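# Close look at the chain arrangement
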Amino acid sequence: MMNKKRLMAILAAGVLTATSFSPAMIKAESVSAEEAGMAVPADAAGMSAPADAAGAAVSADEAGAAVSADEAGAVVAGDSSETAVFSEDGTPVKKTVKAADINMKVQDSYDFPFLGLKAVLPEELKKQIESSDMLMITEEEWNDDMTGFKYAFFHWNKLTEDQKNEDVNLLGAGYEDWLKSIERVGTLGVYSKDVIDDLDSITGCNEHKELGTSEDGNYKYYLSINKDAESDLTDEIEKIETTITEMTAFDPNKSVFDMPAENANPAAENVGAFETTDIDGNAYTEKVFSDYDLTLVNCFTTWCSPCVNEMPDLDKLYQEMKEKGVGVVGMVIDSVGEDGTTDEDTVKKAQILKEKTGVTYPLLIPDAGNMNGRISGLSSFPESFFVDKDGNIVGDPIMGSKNLEDWKAAVEDALEKINSEK
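These notes cover the structure that comes with them. Residue positions are counted from 1 within each chain, in the order its sequence is given. pLDDT decides what is reported in this predicted model: residues at 70 or higher carry local features, side-chain atom pairs at 80 or more are listed and counted, and totals for whole chains, interfaces and linings draw on all residues regardless. As a rule here, side-chain values cover all heavy atoms of the structure and leave hydrogens and water aside.

Moving on, we get to the environment of Glu236. Strands are runs of DSSP state E lasting at least 2 residues, helices are runs of H or I lasting at least 4, and numbering of each runs from the N terminus. You can see Glu236 is positioned in helix α9 (residues 231-238). Accessibility here uses a 1.4 Å probe with only protein chains present; expressed as a share of the type maximum, an area under 20% marks a residue as buried, one over 50% as exposed, and anything in between as partly exposed. Glu236 gets classed as buried once you look at its relative accessible area, which sits at 8%. Each C-alpha atom, one on Glu236 and one on Glu124, is 7.1 Å from the other, the two residues being 112 residues apart in sequence. Apart from residues lying up to four places away in sequence, Glu236 is in contact with Pro122, Glu124, Leu125 and Gln128. Polar contacts involving the side chain of Glu236 include one to the side chain of Lys239, which spans 3.1 Å. By definition in these notes, contact holds between two residues if any of their heavy atoms fall within 4.5 Å. Identification of polar contacts relies on pairs of N or O atoms within 3.5 Å, with a donor-acceptor requirement for protein atoms, meaning one able to donate a hydrogen and the other able to accept it, and with residues adjacent in sequence counted only if both atoms are side-chain atoms.

On to the sheet that holds strand β7 (residues 134-142), then. Here, any two strands with at least 2 DSSP bridges between them count as paired. Across the sheet, 5 strands lie side by side as β7-β8-β10-β12-β11; this open sheet has antiparallel pairing. The open sheet has two edge strands, β7 and β11 (207-213), and neither has a second partner. The sheet shows a mean angle of 20° between the axes of neighbouring strands, direction not considered. Axis lines are fitted through C-alpha atoms, for helices just across the contact stretch, and the angle between N-to-C directions can take any value from 0 to 180 degrees. Sitting on the sheet, helix α5 (residues 123-130) touches β7 and β8 (149-158), and the angle it makes with β7 is about 90°. Where α9 meets the sheet, it contacts β7, β8, β10 (183-192), β11 and β12 (219-225), and its direction lies at approximately 155° from that of β12.

Right, let's get into the pattern of salt bridges. Pairing of side chains with opposite charge becomes possible as their charged atoms draw close. Salt bridges are defined as contacts in which a side-chain nitrogen from Lys or Arg sits within 4 Å of a carboxyl oxygen from Asp or Glu. Using the criterion set out here, one finds 14 salt bridges in the structure. The partner of Arg374 in a salt bridge is Glu383, with the nearest N and O atoms 3.0 Å apart. We note that Arg374, like Glu383, is buried.

This part covers the packing of aromatic side chains. Each aromatic pair joins two rings of Phe, Tyr and Trp (for Trp, the six-membered one) with centres within 6.5 Å, and gets the label stacked for planes under 30 degrees apart, edge-to-face for over 60, and tilted for any other angle. All told, the structure shown has 18 aromatic pairs when counted by the stated rule. Put simply, the rings of Tyr110, Phe112, Phe154, Trp156 and Phe257 touch in pairs and so form one group of aromatic residues. Positioned above the aromatic ring of Tyr318 is the side chain of Lys322, whose terminal nitrogen or guanidinium carbon lies 5.1 Å from the ring centre. A cation over a ring is seen here: Arg374 above Phe385, with NZ or CZ 4.4 Å from the ring centre. By definition here, charges over rings are those cases where NZ of Lys or CZ of Arg is within 6 Å of the ring centre and within 35 degrees of the ring normal.

Following this line, the structure appears as structure tokens:
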């Protein structure tokens, strides 16, 4: 389950976090605009309508031009009082799902570097998961300041034949109520020291075996079972083989069950040397920054509605401030696949977006080094940051979309920072 404060922060910032709404169906909350701290419609928060509504066009007011979903892969708004669930490619998922479809994929082994945990399931348990007799899903709860997690665990639950085909409501309290209706068998997880006394209520289990402690001493590992469940089921949970490893540093842009991005360097101070092209095939290097005192680097994807919606304002910013030494560069993050090759279909979508929104600043394809690792593993879109003429990264990243006036204010703050350091 996602920390509700984290979801509200995402809504308020107008950020779509792809990994937060994963195919494993991490729960969506029913959050009103008032709860989120501002009047943010679902599309402005990156939240799309159900799949049957996604064929509609993004309005001219939203994107500066009528861009159809077929042309640009853009998505449209749903009910402003609710959020939807997304897969990793940004595809909206229905607000209900069959219980059996939530089951995690069976693997020979599981490795979770953020948790410092590896696990191997016994063969019989894997068979039970494959048949959906046993449901395996994850739960995580973050700290209130979202700088770490309180706990994260797998849980295994027995499903009857009727429950396998049950429609699970992913909105509001529907998911939590459904979880309470199925039988918890066991859990395997990592817990901060300050929640250890609450293991029964957190895990839904009543017998806990301590497996070890994290290297820094802040977390403990437990294998837990519900001793009231069938013994042949709990016996399989107790056969799980675990290995505790060193924890990878927490990444607030990812679920703790995600894999860390390769060569990611979110703390990079300089974008380094690079060679790439824009979506039209024109060559670019790090010298793209040398013509301006300050450049806004806007990382976006073609399927992210708030990303598309703010492009006209970003171009206005560019037109109004380029004579003052301020540039804008767009990075089309989804134009490169997981294998590092350029996705030509996405490039074509980006070309259509460029034409329809009228942007004149360059839209670049990420280079092989992902700007010294700075744009590796991004999971929140849009995300932007400033770069000076020497390629140095200025200030903190900016999560979410902004209007023209807010972007102007952000630029002025960054320019002031540069001038104060001279």
